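# Coordinates in review
Chain by chain, the residues run as shown.
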Amino acid sequence: MTNPQAKDAARREARARRDAIADPDRAVAATAVRDRIAELARDGQLPRGAAGGYWPLGSELDARPALLHLGHLGYPVSLPVSGPRGTALAFRDWDPGGPMTVGRYGIHEPPEGRALLRPSLLLVPLLAFDRGGHRLGYGAGYYDRTLDGLRDEGAVLAVGVAFAAQEVPAVPVDGHDERLDWIVTERETLRIRK
């Protein structure tokens, strides 16, 4: 098991590195990530079915342009709804022109009444990643529990989306940490071999 202090230190360092990315670079990166994900879809690398994304929190890469493009390609798109700490995320159908609510942690979520969807493709936020497909999250375990549950129910493709500057040589990992299948940054598309 990884030392919790080592993970906390890695989170602080990763957040500072991500926070330092300039605003113009953020918009360019979001567009490049959208284009790379569109290329994966065009090449048949992404499963059909619902696509789950996220509403960006703080300095996270904005995955909404990629999610909107997937919606234009015919994917039903969804955003997560956070339940109590220690639970998996639920995903509700996202209407980009519709109203949103503010949920746990101040994150925008589709309101109650929107259909629940099970993503077969999930765009995953992160603080840091390595080339082994490991991601460093915020520590609450929402995405690890979500991926574990989705994988128990069937296939799901987990695509970490990030700025290239978020790459580290090795992410500290524990046994419950779920690996990603792909990592997409503004510079490259990495398929993780398991």
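Source: prediction; values computed, not measured. (Residues numbered from 1 in each chain as written. Predicted model: local features only at pLDDT ≥ 70, side-chain atom pairs only at ≥ 80, totals over all residues. Heavy atoms only, no water.)

## Things to note about the sheet that holds strand β12 (residues 189-191)
- Reading across from one edge, β6-β3-β2-β1-β7-β10-β11-β12 is the order of the 8 strands in this open sheet, with mixed pairing throughout. Across the chains shown, the open sheet's two edge strands, defined by having one partner strand only, are β6 (116-117) and β12.
- Bridge count for strand β1 (residues 51-52) against strand β2 (residues 77-81) is 2 bridges, and the pairing is parallel. Among the inter-strand pairings, A51 is bridged to a residue of β2, identified as V77.
- Strands β1, β2 and β7 (121-124) of the sheet are contacted by helix α3 (residues 64-72), whose axis makes an angle of about 140° with β2. (Pairing = 2+ DSSP bridges. Helix = DSSP H or I, 4+ residues; strand = E, 2+ residues; numbered from the N terminus. Contact = heavy atoms within 4.5 Å. Axes fitted to C-alpha atoms, helices over the stretch in contact; angles between N-to-C directions.)

## What about the environment of G86?
- Within the element layout of this structure, G86 appears in the loop between β2 and β3 (90-93).
- C-alpha separation for the pair G86 and K194, spaced 108 residues apart in sequence, amounts to 27 Å.

## Section: the side chain of E109
- Within the fold, E109 resides in strand β5 (residues 108-109).
- The charged side chain of E109 is buried without a salt bridge, its nearest counter-charge being R92 at 5.0 Å.
- A distance of 3.1 Å separates a polar side-chain atom of E109 from the backbone nitrogen of S82.
- Excluding residues that lie within four positions of it along the chain, E109 makes contacts with P80, V81, S82, M100, T101, G103 and R104. (Buried < 20%, exposed > 50% of the residue type's maximum accessible area, 1.4 Å probe, protein only. Lys, Arg positive; Asp, Glu negative; His and termini not counted. Salt bridge = Lys/Arg side-chain N within 4 Å of Asp/Glu carboxyl O. Polar contact = N/O pair within 3.5 Å; in protein donor to acceptor, adjacent residues only side chain to side chain.)

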